[in-house]
Amino acid sequence: MGRRIRCLCSRVADSLMLLLVLALSCNPSTAATASPSAPHIKPSYSFGRTFLGLDKCNACIGTSICKKFFKEEIRFDTWLSSHLKLPPSYLLSYSGNYTDDAKSWRLVDITRLTSKYQHDRADKRICTSLLKTKTCSLERALRRTHRFQKWLRAKRLTPDLVQGLSSPMLRCPSQRLLDRIVRRYAEVPDAGSIYMDHLTDRDKLRLLYTLSVNSHPILLQIFPDVEGWPFPRYLGSCGRLLVSASTRPLRDFYGAAPEVAADLALQLLAVLRSMGTNDLNYFFYFTHVDAGTFGVFSNGHLFIRDASTLGIIDKEEGSQLIDSQQEYKDIFSCLTVDCQSAFVSCDSIREKHSLVMVCQELLPKLLKGKFLQPVQEKIDSFLQHCAGGLTDDQGVNEAVARLAELLKPLRSCDSRFAYRYPDCKYSDKY
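Residues numbered from 1 in each chain as written. Predicted model: local features only at pLDDT ≥ 70, side-chain atom pairs only at ≥ 80, totals over all residues. Heavy atoms only, no water.

A. Expanded view of the nonpolar core. By size, the foremost hydrophobic cluster in this structure holds 92 residues, and its most contacted members are M169, F223, F294 and L363. The element contributing the most residues to this core is helix α12 (residues 258-276), with eleven residues. Here L363 is in contact with A265, L268, L269, V358, K368, L383 and L403, once residues within four sequence places are set aside. (Core = buried A, V, L, I, M, F, W, Y, C linked by side-chain atoms within 4.5 Å. Buried < 20%, exposed > 50% of the residue type's maximum accessible area, 1.4 Å probe, protein only. Helix = DSSP H or I, 4+ residues; strand = E, 2+ residues; numbered from the N terminus. Contact = heavy atoms within 4.5 Å.)

B. Spotlight on the sheet that holds strand β6 (residues 248-249). Within the open sheet, the three strands sit side by side as β6-β8-β9. Their pairing is antiparallel. At either end of the open sheet lies a strand with only one pairing partner, and these are β6 and β9 (302-304). In this structure, β6 lies alongside strand β8 (residues 294-296), joined through two bridges in antiparallel fashion. Counterpart to P249 in the pairing with β8 is G295. Most of the contacts of α12 go to β9, to which it runs at about 40°, and overall it touches β8 and β9. (Pairing = 2+ DSSP bridges. Axes fitted to C-alpha atoms, helices over the stretch in contact; angles between N-to-C directions.)

C. Structural context of the state of the cysteines. Counted by the stated rule, this structure contains six disulfides. A sulfur-sulfur separation of 2.1 Å characterises the disulfide bridge that pairs C172 with C346. Measuring the twist about the S-S bond at about -110°, one finds the C172-C346 disulfide to be left-handed. With C172 in the loop between α8 (159-162) and α9 (175-184) and C346 in the loop between β10 (310-314) and α13 (353-361), this residue pair connects regions lying 174 residues apart in the sequence. Residue C346 is classed as buried on the basis of its relative accessible area, which comes to 11%. The side chain of C359 participates in a disulfide bridge whose partner is C386; the two sulfur atoms lie 2.0 Å from each other. (Disulfide = S-S within 2.5 Å.)

D. Quick look at the packing of aromatic side chains. This structure, assessed with the given rule, holds eleven aromatic pairs. Ring geometry for F76 and Y94: centres 5.3 Å apart, planes at 85°, overall edge-to-face. Here F76 is found in strand β1 (residues 74-76), whereas its partner Y94 is found in strand β2 (residues 93-99), with 18 residues between them in sequence. Relative accessible area serves as the criterion here: at 6%, Y94 is assigned to the buried category. Here a set of aromatic residues connected by ring pairs shows up, and it is made of F51, F69, F76 and Y94. Above the ring of Y98, the side-chain terminus of K68 is found at 4.9 Å from the ring centroid. The ring centre of F417 lies 4.5 Å from the NZ or CZ of R420, which sits over that ring. (Phe/Tyr/Trp six-rings, centres within 6.5 Å; stacked < 30°, edge-to-face > 60°. Lys NZ or Arg CZ within 6 Å of the ring centre and 35° of its normal.)

E. Inspection of the side chain of T247 at higher detail. In this fold, T247 is placed in the loop between β5 (241-245) and β6. Within the local environment of T247, its side chain forms a polar contact with the side chain of R305, the two groups lying 3.1 Å apart. Residues within four places of T247 in sequence aside, it is in contact with D109, G295, V296, F297 and R305. (Polar contact = N/O pair within 3.5 Å; in protein donor to acceptor, adjacent residues only side chain to side chain.)

F. The confidence of the model for the protein, seen in detail. Averaged over every residue, the pLDDT of the protein is 85; the share at 70 or more is 83%. Per-residue pLDDT stays below 50 along residues 1-43; that stretch engages in six contacts with residues further than four places along the chain or on separate chains. (pLDDT = per-residue confidence, 0-100.)

G. Expanded view of the side chain of R75. Mapped onto the secondary structure, R75 falls in strand β1. In terms of polar contacts, R75 uses its side chain to reach the backbone carbonyl oxygen of E72, at 3.3 Å.

H. Broad picture of the pattern of salt bridges. According to the stated counting rule, one finds 27 salt bridges in the structure shown. In this structure, K68 and D100 form a salt bridge, with 3.3 Å as the shortest nitrogen-oxygen distance. A residue pair is termed long-range when its members are at least 10 positions apart, and K68 in helix α4 (residues 66-70) and D100 in the loop between β2 and β3 (105-112) qualify at 32 residues. Taking the shortest distance from any N to any O, the salt bridge between D263 and R411 comes out at 3.9 Å. Placement of D263 in helix α12 and of R411 in the segment after α16 (393-407) is noted, with a sequence separation of 148 residues between them. For the residue pair D263 and R411, the accessibility class agrees, reading buried in each case. A single salt-bridge network, built from bridges that share partners, covers K68, K71, E73, D100 and R106. (Salt bridge = Lys/Arg side-chain N within 4 Å of Asp/Glu carboxyl O.)

I. Geometry of the environment of L302. Locating L302 in the fold gives a position in strand β9. The class of L302 is buried, set by a relative accessible area of 2%. Sequence separation of L302 and L268 is 34 residues, and the distance between their C-alpha atoms is 7.1 Å. Contact partners of L302, with chain neighbours within four places excluded, come to L250, L264, Q267, L268, V271, F294, G295 and V296.

J. Representation of the packing of helix α7 (residues 146-153) against helix α10 (residues 201-213) within the structure. Interaxial distance between α7 and α10 falls to 10 Å at its minimum, and their mutual angle equals 130°. With respect to α10, the axis of α7 lies oblique. Considering how the two elements wind past one another, α7 and α10 form a crossing that is right-handed. Every residue of α10 that contacts α7 at R147, F148, W151 and L152 is listed here: D201, K204, L205, L207, L208 and L211. When the residues that make up the contact of α7 with α10 are grouped by side-chain class, the tally is seven nonpolar, no polar and three charged. (Parallel < 35°, antiparallel > 145°, perpendicular 65-115°, else oblique. Left-handed = near helix turned anticlockwise from the far one by under 90°. Nonpolar A, V, L, I, M, F, W, Y, C, P; charged D, E, K, R; others polar.)

K. Structural view of the sheet that holds strand β4 (residues 234-238). Reading across from one edge, β1-β2-β3-β5-β4 is the order of the five strands in this open sheet, with antiparallel pairing throughout. The open sheet has two edge strands, β1 and β4, and neither has a second partner. Ignoring strand direction, the axes of neighbouring strands in this sheet form an average angle of 30°. Two strands pair when backbone bridges link them, and β2 and β3 are joined in this way by seven bridges, in the antiparallel orientation. Its bridge partner being in β3, Y98 is matched across the sheet by R106.

Written as structure tokens, this is what we have:
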């Protein structure tokens, strides 16, 4: 009798439990209360293809670093705020943070090849001039051009494929320089070949577009900092945004202490010497300099921050295009400049060209009123002689040499100059 009662009680209990489960499943509010709380969802940063310029590909720089943007391993400084908003899209450059391990972060510069306004105007020009419409598929329009069709058939990047492009780097091209571009183009898997067999049609359009708009990212790739070239490290591109190591523009140092100004001036002169004389026999010259052309790393080392105005003459091979051949122009020649702009003759470039511009535009602002007399008077005199030396090569070189000798004892040796400290304590070089 007791056993039957226990069995009956057990069945009643099972029935009650089943009814409870059914009741919970039928009542959503009760079920939600009984279930464990949902895991916290990490806020996501929404780019939109337009901000990055991915909606314009393959009329863009590349996509090699897009994953880092979407995985939040590249962050704009504004993302450190509670609002997590992207910065305005009309800016030309942004300060950002980059990580490889999500623990340590380093500063980077995120830049556009040109302003968004100039990009938009160039895009409209492509559509109106090639397809006679206000909007179009940029890639489809550019693919139809005579120049790109030649690129598709080409096995090797030759001077005739880049003639008429506005980039100073390509005004006096040599085959050796063009081979270096193909061999070191970082937006594709490294093939180490001078032939374009490893470039897809998409890759060729991206390379041509980049060379047409702004050669800065290409220069960073083919003359990397790890080989001693004075450029910031190229980290990759996404759409129309370029990511590189961060530098502060030289303009930030116009009010620096005298010993800092002297150090930067000497570095600036040394960079110009190295760009004129180097082991590869390339002569680099500037077509324009301003306060943003050069930048300074956190360790005090000066680099070329903006290489878009750098021209290159191959002293080993020379130019393989005569100036008359450069008159050829098409839509790729006019993406960022007026199509009527005249090319600078390769024969007109002098070795003192960049020195004179720096003496005119940058060094006076960096060194003005920094030192006691009579040192300041001598510095001003050498700068004036250098700046006015367009017709006197020897005079410019002498003025620059005298200026360097005057500045050397004016710089100091301490931890502010980490790029050469403590080496400067034990070397006569400093």
